[in-house]
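Residue strings, one per chain:
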Amino acid sequence: MTGIHQILFSSFSAAGGAVDTSVHTFNSDDTLAIGGATKLNWLLVAGGGGGGGGVAGSNNGGGGGAGGFRRGQNTPITGDLHIDIGGGGAGGPASSNGTVGEESRLSYATGGGGQGPEILTCAGGGAGGALGNAGGAGGSGGGGGGQGAAGPISPFPGTITGENTTSQGNVGSGNVPPVPGGRPGGGGGGAGGAGGPIGSSIGGAGGDAVVFDLATQSSGSGGTVYAGGGGGGTGTGGAGGGADGTTVGGRGSSGTSSVATAGTVNTGSGGGGGGGATPAGVANEGFDGGSGVCVLQLVA
């Protein structure tokens, strides 16, 4: 894959032929030896999309959408596994869209530890749009820039045995028809909800994230927060998406200063809501999406 992320290849296995049922979190490309395991509990998140860039004198960059989020349990497996983690999309420079996040994939490993037949994939988060541009399609859609439309979800490739998700994410938000009083950027979609509505010179918030703990198969308080959308840039930048009191999506730039932030790494969150304009009329760039993650647990 392209993008900036560390590539490591190692093999995990338990001693004495026993199945290693511990939970493994993969933040970069890797492999997992299954030993005697026959099933798998899993969670896979793609890289988040980058926020769209602002235009001098306008406040309009859309936030990046969260990367696709999929999970399941007791999925049958027949061989060692290869994990490919997608990088976050780059934030757009002034007047330009961000870029889509990279896919994350779970495949069977080849003899040399590389990628063999694919098991499942997640789409990268949609890019945030610049002035007048629609948000991009992705695992969750990017936010529209200025008077641009919301970005849609990429086609869902179909569930596999044991999967507990029916959609990778949610749509972004946009400014069509336009809200009076400025050109606010839309928020990117998150795994837990669509991008938030915009207001007069108020950017849309990033879509909600999700909270999940693979070891306990439980959602809600105490789990890890994944895949929040990026907020849109404008006079008052939109908040990044989050859950359980934690914000993981990037915040949108405000007109008074470049306070945008990037999506949190290894959560698949959308990139820092597109740039607004400073008082001096200098356009702020959009910020990068967060890289993806994979969490696996072997089942005997």
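Everything quoted here is computed from the prediction, not taken from an experiment.

Chemist: Explain the packing of aromatic side chains to me, please; I cannot follow it from the model alone.
Modeler: Between two aromatic rings, the relevant description is the distance of the centres plus the angle of the planes. Scanning the model with the defined rule gives 1 aromatic pair in all. Between phenylalanine 69 and tyrosine 226, the aromatic rings sit 5.9 Å apart at their centres with planes inclined by 45°, giving tilted as the arrangement. With phenylalanine 69 in strand β4 (residues 69–76) and tyrosine 226 in strand β10 (residues 224–226), the pair connects residues that are 157 residues apart, well separated along the chain. As far as burial versus exposure is concerned, phenylalanine 69 and tyrosine 226 are alike and both buried.

Chemist: Can you help me understand the sheet that holds strand β3 (residues 39–45) in this one?
Modeler: Strand pairing within a sheet occurs via backbone hydrogen bonds; the two strands may be parallel or antiparallel. The 4 strands lie next to each other as β1-β13-β3-β4, forming an open sheet whose pairing is antiparallel. What marks the edges here is a single partner per strand, and that holds for β1 (23–26) and β4. Each adjacent strand pair in this sheet contributes to an overall mean axis angle of 15°, direction not counted. As defined by bridge partners, β3 adjoins strand β13 (residues 293–299) across 7 bridges and the pair is classed as antiparallel. Directly across from leucine 40, in β13, lies its bridge partner leucine 298.

Chemist: What should I look at first to understand the pattern of salt bridges in this one?
Modeler: Where charged atoms from two side chains of opposite charge come close, those side chains can pair. Tallying each qualifying case throughout the model produces 4 salt bridges. Among the salt bridges present, the one from glutamate 103 reaches arginine 105, with a minimum N-O distance of 3.0 Å. Glutamate 118 serves as the salt-bridge partner of arginine 105, at 3.9 Å between the closest nitrogen and oxygen. In this pair, arginine 105 is assigned in strand β6 (residues 104–109) and glutamate 118 in strand β7 (residues 115–122), connecting sequence segments 13 residues apart. Through salt bridges with shared partners, one network takes in Asp84, Glu103, Arg105 and Glu118.

Chemist: Sorry, what's going on with the environment of glycine 48 here?
Modeler: Following the sequence through the fold, glycine 48 ends up in the loop between β3 and β4. A residue is classified by how much of its surface remains accessible, and glycine 48, at 0% relative accessible area, is buried. Separated by 220 residues in sequence, glycine 48 and glycine 268 place their C-alpha atoms 4.7 Å apart. When neighbours within four sequence positions are excluded, glycine 48 is seen to be in contact with Gly65, Ala66, Gly67, Gly88, Gly89, Gly101, Gly125, Gly268, Ser269, Gly270, Gly289 and Gly290.

Chemist: What should I look at first to understand the nonpolar core in this one?
Modeler: Ranked by size, the top nonpolar core spans 19 residues in total, and within it Leu40, Leu81, Ile83, Leu106 and Leu296 carry the most contacts. Broken down by secondary-structure element, the contributors of at least two residues to this core are β3, β5 (81–84), β6, β7 and β13. Grouped together as the second largest cluster of nonpolar side chains are 12 residues, Ala66, Ala191, Phe212 and Leu214 included.

Chemist: When you look at the confidence of the model for the chain in this model, what are you seeing that I'm missing?
Modeler: Detailed reading of the predicted coordinates is not advisable wherever pLDDT falls low. Across the chain, the average pLDDT comes to 88, with 89% of residues at or above 70. Low pLDDT, under 50, characterises residues 1–16; the stretch is placed with 37 contacts to residues that sit more than four places away or in other chains.

Cut-offs used in this document
Residues numbered from 1 in each chain as written. Predicted model: local features only at pLDDT ≥ 70, side-chain atom pairs only at ≥ 80, totals over all residues. Heavy atoms only, no water. Phe/Tyr/Trp six-rings, centres within 6.5 Å; stacked < 30°, edge-to-face > 60°. Helix = DSSP H or I, 4+ residues; strand = E, 2+ residues; numbered from the N terminus. Buried < 20%, exposed > 50% of the residue type's maximum accessible area, 1.4 Å probe, protein only. Pairing = 2+ DSSP bridges. Axes fitted to C-alpha atoms, helices over the stretch in contact; angles between N-to-C directions. Salt bridge = Lys/Arg side-chain N within 4 Å of Asp/Glu carboxyl O. Contact = heavy atoms within 4.5 Å. Core = buried A, V, L, I, M, F, W, Y, C linked by side-chain atoms within 4.5 Å. pLDDT = per-residue confidence, 0-100.

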